[in-house]
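Understanding the architecture of this molecule
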Amino acid sequence: MLKNFYLKKSRILLFALLCFLSHEIYAQQSNGNPCNQSSTYLYWTGEENNNFFNENNWRVAVERPSGPNGQLSCLPGSNSFPYTICPRLHNNGNDRHPKAGDVDPDVPIRYNLLIDTATVMANGNIVFACGQKGITLRHTQLDMIGGTLSQGVLSLMNESTVHFRAGSLSSNLFLNYLDAASWVSAQAKSG
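Described in the following lines is the structure provided in the data block. Given the structure is predicted, the values throughout are model-derived calculations rather than measurements. (Residues numbered from 1 in each chain as written. Predicted model: local features only at pLDDT ≥ 70, side-chain atom pairs only at ≥ 80, totals over all residues. Heavy atoms only, no water.)

1. Let's talk about the pairing of strand 7 (residues 141-146)
Alignment of strand 4 (residues 119-123) against strand 7, held across five bridges, turns out to be parallel. Looking at strand 7, one finds that asparagine 123 is bridged to glycine 146. Where strand 7 and strand 10 (residues 161-164) come together, four bridges link them in parallel fashion. Bridged to methionine 144 within strand 10 is phenylalanine 164. (Pairing = 2+ DSSP bridges. Helix = DSSP H or I, 4+ residues; strand = E, 2+ residues; numbered from the N terminus.)

Rendered as structure tokens:
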């Protein structure tokens with residue numbers, strides 16, 4: 001009787017261990033859950049041109065405390081939403097470019113994005129890996145030549161605009177207006 005008790009208990013423990021290990025292996029193979037809040041984000045430099053999908057126009061940054069008492073000073077506001085970016089001083093000389101394929105049309109983007117004071121053109125679909133990731137525009141104009149902006153959060157502040165020339169806004173995109181002077185426009189299709 002005691003032997004059956006320990007046998008059942010060991011089977012339960014073995015099952016729990018296998019579940020834990022298989023989860024860890026899966027997370028490592030898929031680089032973890034893209035929706036986990038991360039302190040890593042991409043910021044726009046426009047070093048080569050104004051093409052949104054050119055990885056050489058982006059740099060990888062890791063948030064560092066910049067607020068009073070070593071706290072993170074976050075955008076937008078000081079909330080803790082997963083799409084919130086807590087920017088730091090950027091260093092184009094030390095910050096690396098993202099890997100090829102990290103910012104491609106129709107490929108889910110696993111980072112939060114920050115574009116500050118720029119005019120950027122996107123010809124293709126901008127897709128985020130999950131609804132909790134997004135793009136923050138500060139004093140920026142984003143021209144969507146074709147394609148959609150889907151899933152995730154579009155945060156607009158400091159008179160930022162998004163123009164859809166031939167593309168569209170997806171119904172599963174959350175618009176986060178942070179000032180009254182920012183807006184989104186869609187050009188009517190002719191024909």
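Still more to cover.
2. As for the pattern of salt bridges
Summed over the entire model, instances satisfying the criterion amount to three salt bridges. A salt bridge links arginine 59 to glutamate 47; its shortest N-O distance comes to 2.8 Å. With arginine 59 in strand 2 (residues 58-62) and glutamate 47 in the loop between strand 1 (40-44) and strand 2, this pair connects stretches of sequence that are 12 residues apart. Since its relative accessible area comes to 10%, arginine 59 is described here as buried. Taking the relative accessible area as the measure of exposure, glutamate 47 reaches 38% and is therefore partly exposed. Between arginine 165 and aspartate 143 there is a salt bridge, and its shortest N-O distance comes to 2.9 Å. Of this pair, arginine 165 sits in the loop between strand 10 and strand 11 (168-169) while aspartate 143 sits in strand 7, and the two are 22 residues apart along the sequence. Classification of aspartate 143 by relative accessible area gives buried; the value is 5%. (Salt bridge = Lys/Arg side-chain N within 4 Å of Asp/Glu carboxyl O. Buried < 20%, exposed > 50% of the residue type's maximum accessible area, 1.4 Å probe, protein only.)

Structural measurements only, silent on function.
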